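Chain residues, written in single-letter form:
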Amino acid sequence: MSATIDDVKDKSFDYIICGSGTAGLTVAARLTEDPNTTVLVLEAGQANIGDMAILRPASYGSHLGKPEYSWTHQTIEQKMTGDRVHFWNRGKGLGGSSAITFLCWIKPAAHEIDDFERLGNPGWNWKNYEKYIQRTEGFTPPREEIRRSLQMNFDNWDLGTSGPLGISYPSTVNEGELKVQQTFQNAGIPLAPRPMNGDPAGTFFSPCTYDIKTHTRTYATTAFYLPNKDRPNLKVLVSAHVNRINPASDSETEFIADSVEFEHNGQLYTARANKEVIVSAGALKTPQLLELSGIGDPTILGKLGISVKVELPGVGTNVQEHMLLAATLELRDDVEYQTLDMLSDPEIFQKHIELHSTGTGMFTTGIIGFTMSTLSQVTPKAEEIVKAAEDKIKKNANNYPPGLLEQYKILLERLRHAAGCEFICFPGCWALPNPPEKGKRHIAIAAPLNYTFSRGTIHAISKDPKDDPEYDARYFDEEVDLKVWVEMVKFARNLRNIAPLRDMVAKEVSPGPDIQTDEEIADWIKKSMGSSWHTAGSCSMLPKAMGGVVDPQLKVYGTKNVRVVDLSVVPLHFAAHPQATVYAIAEQAADIIKGTFQA
């Protein structure tokens, strides 16, 4: 239940969870299924319960820059993008980023999850992934009319139907989505065989975290907090910013977490952990919390005057990011396609706010059109690009930090054979740098870059927990990332020349007719790209000798009772939006913590 400071300060709990995001609330709900297990969840943000700004679908990006809903983290200047600073926004409040995502329910390819196990983590494989994600899923198939209009066949789909997180297709779907999908097929990309069951190679329509009965967002709060908030063994304290984990003794050879220090309404407090502290602060903040607790690279900690409790140089390294931009197309005036551009008109916006309560209008739509292709389907230069990257990796094999060469070998395999080039149909304008013409409607073909070789870092810059760590994405440190992206942009732009999309489009708005050569496209990418906000790997689940931070039980090396459960543990990123995977990680983690997991 929602707690007061008197319920928490100087009290003891079996488990203290730092962060009430996607993973934190899932683990809390599963652990407190046992009425004899007590759990405290500490959340820096507010509860935001019942807030329509969160619950209303298709409100993409409206939360960014608003401190009640999001953290506005930003990178340091990035040399390869013209010294630009990039925003790495994250959800703030109960539910974390699941409260502000674009509601996409996408799963990785089976082999990408099996790669977790391949990198030294027994039990972290696709078989277990499916088992655990179906515990979360409460899938409702679409209405027959939507199935017919989108020509969908669910005969070989297998999703969980009794889990607490509502998954469905939005009640309003543009038939233009089918025309875009047919365009991808005419460009050589077949329908995906089983996009929700480990084989997303191809084009498909994906469901959303959407409650088909109420036409509202489903997220960790609605799935795992609200149904369980009255459990007497679950306490959730908001406005509680965790500062550090305190060890039982500085003299022990192993770090044993005794308590958590946190700030609430300007005052410092502690709560004691009888069993474990679980860090679920997300890939951007978890490494900082470990470092402030004395767990990390001695060189980093020494500069900040932090006493080293556990020497663990992998903390805050191996940071991997998905990146995003889009080709924007202006639709012909006679094409029937409701797009989000329309909502820029205040009167139309208000009209659709009112329509939402009836289960119709733009706020009952979703992003559902996805395509996953191989690099060779995108460009004839595929093997040339892969071979150049392979030659460089072989040449520098002895210079990479521990474990990175093993990741690169897998990434080369993926570039050659796997469907990691993603394309998304977005019903609106994504025009950078060219502004759209007022009154026109657009669709954007987004082209996220998912298989990245560049690696960044996240490290604390001071002892003050309120100071953001230094986020260094190191975009395009490895030139293969840019080469692949140039080819993806060319493929995305060419779709406008292929029917039936060709007959819907008036012109390209962005990148625009002045950008044609590979060099010009590369320059446009550097000026226009942003983050997909899918950062992973900053506390990787890898063998310690390979730069790992947590073991396969998610326990931080050198500690007896500190675990990490969030996207930071992913050792090698996958080509999918991570929301579903974070739930799967949390579900499996809960069983590991309870001692019921069987690999």
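Given the structure is predicted, the values throughout are model-derived calculations rather than measurements.

(A) Local environment of the overall build of the chain. Looking only at helices and strands, one finds 17 helices and 25 strands in the chain. Relative to the globule expectation of 25 Å for 599 residues, the C-alpha radius of gyration of the chain, 23 Å, shows essentially globular dimensions. By its C-alpha atoms, the chain is 70 × 60 × 45 Å across when sized along the principal axes. When burial is assessed residue by residue, the chain has 63% of its 599 residues classed as buried. The contacts in the chain between residues at least 6 apart in sequence include a share of 75% that link residues at least 24 apart.

(B) Region of the structure containing the environment of Ile245. Among the structural elements, Ile245 can be located in strand S11 (residues 240-247). Classification of Ile245 by relative accessible area gives buried; the value is 1%. When the C-alpha atoms of Ile245 and Ile521 are compared, they prove to be 47 Å apart, with 276 residues separating the residues in sequence. With residues near it in sequence (within four places) discarded, Ile245 still touches Phe255, Ala257, Ser259, Val277, Val279, Leu289, Ser293 and Val562.

(C) A look at helix H15 (residues 479-494). With 16 residues, H15 ought to run about 22 Å at 1.5 Å a step, and its terminal C-alpha atoms sit 23 Å apart, in line with that. Counted residue by residue, H15 has twelve buried out of 16 residues, so it is predominantly covered. Looking only at H15, the buried set comprises Val480, Asp481, Leu482, Val484, Trp485, Val486, Glu487, Met488, Val489, Phe491, Ala492 and Arg493.

(D) Inspection of the nonpolar core at higher detail. Counting residues in hydrophobic clusters, the biggest one holds 186 residues, and the most contacted among them are Leu42, Leu290, Phe423, Trp485 and Ile525. In contact with Ile525, other than residues within four places in its own chain, are Leu325, Phe476, Leu482, Trp485, Val486 and Val489.

(E) Highlighting the layout of surface pockets. Within this model, the largest pocket holds a volume of roughly 620 Å³. If you trace the largest pocket, you find 27 residues lining it, with Gly61, Leu64, Phe102, Trp430 and Trp533 closest to the centre. Listing elements by their share of the lining of the largest pocket, those giving two or more residues are strand S4 (87-91) and strand S24 (530-531). A per-class count over the lining of the largest pocket returns 15 nonpolar, ten polar and two charged. The space that makes up the second largest pocket amounts to roughly 480 Å³. Lining of the second largest pocket is provided by 25 residues; of these, Thr317, Asn318, Pro401, Leu404 and Arg455 occupy positions nearest its centre. Of the residues forming the lining of the second largest pocket, the biggest block, three residues, is contributed by helix H14 (residues 404-417). Residue composition of the lining of the second largest pocket, by class: ten nonpolar, nine polar and six charged.

(F) Just the packing of aromatic side chains, in detail. Evaluated as defined, the whole model comprises 22 aromatic pairs. Look at Tyr132 and Phe597: their rings are 6.3 Å apart centre to centre, the planes differ by 35°, and that puts the pair in the tilted class. With a gap of 465 residues between them, Tyr132 in helix H5 (residues 126-136) and Phe597 in the segment after helix H17 (579-594) connect regions that are remote in the sequence. Ring centres 5.1 Å apart and planes at 90° place the aromatic pair Tyr400 and Tyr408 in the edge-to-face group. Judged by relative accessible area, which is 16%, Tyr400 ranks as buried. By the ring-pair criterion, three or more aromatic residues cluster together here, those being Tyr60, Phe102, Phe426, Trp430 and Trp533. The ring of Phe363 has Arg56 sitting right over it, with the charged end atom 5.7 Å from the ring centre. Note that Lys92 overlies the ring of Trp71, its terminal NZ or CZ placed 4.3 Å from the centroid.

(G) Highlighting helix H16 (residues 518-528). Within H16 the residues assigned to the buried category are Ile521, Ala522, Trp524, Ile525 and Ser528. One side of H16 holds all its buried residues, which, seen down the axis, span an arc of 160°. Facing away from the buried side of H16 by more than 90 degrees, the exposed set consists of Glu519 and Lys527. On its buried face, H16 sits against strand S17 (326-331), H15, strand S23 (505-510) and S24.

(H) Structural detail: the packing of helix H2 (residues 22-31) against H17. Two elements in contact, H2 and H17, have axes separated by 8 Å at closest approach and are oriented at 35°. Crossing handedness for the pair H2 and H17: right-handed. Between H2, through Thr22, Ala23, Thr26, Val27, Arg30 and Leu31, and H17, the contact on the second element is made entirely by Gln579, Val582, Tyr583, Ala586, Glu587, Ala590, Ile593 and Lys594. Classifying every residue of the contact of H2 with H17 gives eight nonpolar, three polar and three charged.

(I) Layout of unusual backbone geometry. Between Ala499 and the following residue, Pro500, the backbone shows a cis peptide bond with an omega angle of 0°. Omega for the peptide link from Ser510 to Pro511 comes to 10°, which places this bond in the cis form. Considering the arrangement of structural elements, one finds Pro511 in the loop between S23 and H16. At Asn48, a residue that is not glycine, the phi angle is positive and equals roughly 55°.

(J) Looking closely at the state of the cysteines. Counting across every chain of the model gives zero disulfides. With no disulfide partner, Cys539 has as its closest neighbouring cysteine sulfur the one in Cys18, 12 Å distant.

(K) Examining the confidence of the model for the chain more closely. With 100% of its residues at a pLDDT of 70 or more, the chain shows a mean pLDDT of 96. By mean pLDDT, helix H6 (residues 144-150) is the weakest element of the chain at 84, and strand S25 (residues 562-564) is the strongest at 99.

Cut-offs and rules
- Residues numbered from 1 in each chain as written.
- Predicted model: local features only at pLDDT ≥ 70, side-chain atom pairs only at ≥ 80, totals over all residues.
- Heavy atoms only, no water.
- Helix = DSSP H or I, 4+ residues; strand = E, 2+ residues; numbered from the N terminus.
- Rg over C-alpha atoms; globule rule 2.2 N^0.38 Å.
- Buried < 20%, exposed > 50% of the residue type's maximum accessible area, 1.4 Å probe, protein only.
- Contact = heavy atoms within 4.5 Å.
- Expected span 1.5 Å × (residues − 1).
- Core = buried A, V, L, I, M, F, W, Y, C linked by side-chain atoms within 4.5 Å.
- 1 Å grid on protein atoms, 1.4 Å probe; cavity = no way out; pocket = protein on both sides within 12 Å on 5 of 7 lines; lining within 4 Å.
- Points joined across faces, edges and corners; volume = space filled by probe spheres on them.
- Nonpolar A, V, L, I, M, F, W, Y, C, P; charged D, E, K, R; others polar.
- Phe/Tyr/Trp six-rings, centres within 6.5 Å; stacked < 30°, edge-to-face > 60°.
- Lys NZ or Arg CZ within 6 Å of the ring centre and 35° of its normal.
- Arc of directions from axis to C-beta.
- Axes fitted to C-alpha atoms, helices over the stretch in contact; angles between N-to-C directions.
- Left-handed = near helix turned anticlockwise from the far one by under 90°.
- Disulfide = S-S within 2.5 Å.
- pLDDT = per-residue confidence, 0-100.

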